[in-house]
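Coordinate inspection notes
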Amino acid sequence: MANSRGSLMLGVILCDQCDKVLEEVDTEKVIIYYNRCDECAASIKFDESGVKGNEIELD
């Protein structure tokens, strides 16, 4: 029986908002990276622009 060595992906990139797995990466040890998925990035841009556009000045 021959031993085969497969690629073991110990690193993972997670969305920092929804914890969706974005990608697995080959690293020497277990590492978790954070980024933002397209859906969360789009919703945050929408929220920021919506807040700025809807500001009301109070006297």
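Here is a short report on the structure shown in this document.

Rules used in this analysis
Residues numbered from 1 in each chain as written. Predicted model: local features only at pLDDT ≥ 70, side-chain atom pairs only at ≥ 80, totals over all residues. Heavy atoms only, no water. Salt bridge = Lys/Arg side-chain N within 4 Å of Asp/Glu carboxyl O. Helix = DSSP H or I, 4+ residues; strand = E, 2+ residues; numbered from the N terminus. Buried < 20%, exposed > 50% of the residue type's maximum accessible area, 1.4 Å probe, protein only.

The next subject is the pattern of salt bridges. One pass over the structure, following the stated rule, counts 2 salt bridges. Aspartate 16 is paired through a salt bridge with arginine 36; the nearest N and O atoms lie 3.1 Å apart. Taken together, the positions of aspartate 16 in the loop between strand S1 (11–15) and strand S2 (21–25) and arginine 36 in the loop between strand S3 (31–35) and helix H1 (38–53) put the pair 20 residues apart, joining distant regions of the chain. Relative accessible area serves as the criterion here: at 32%, arginine 36 is assigned to the partly exposed category. With a closest N to O distance of 3.7 Å, glutamate 39 and lysine 20 form a salt bridge. Residue glutamate 39 is located in helix H1, and its partner lysine 20 is located in the loop between S1 and S2; the two are separated by 19 residues in the primary sequence. The class of glutamate 39 is exposed, set by a relative accessible area of 51%. Residue class for lysine 20 comes out partly exposed when judged on its relative accessible area of 41%.

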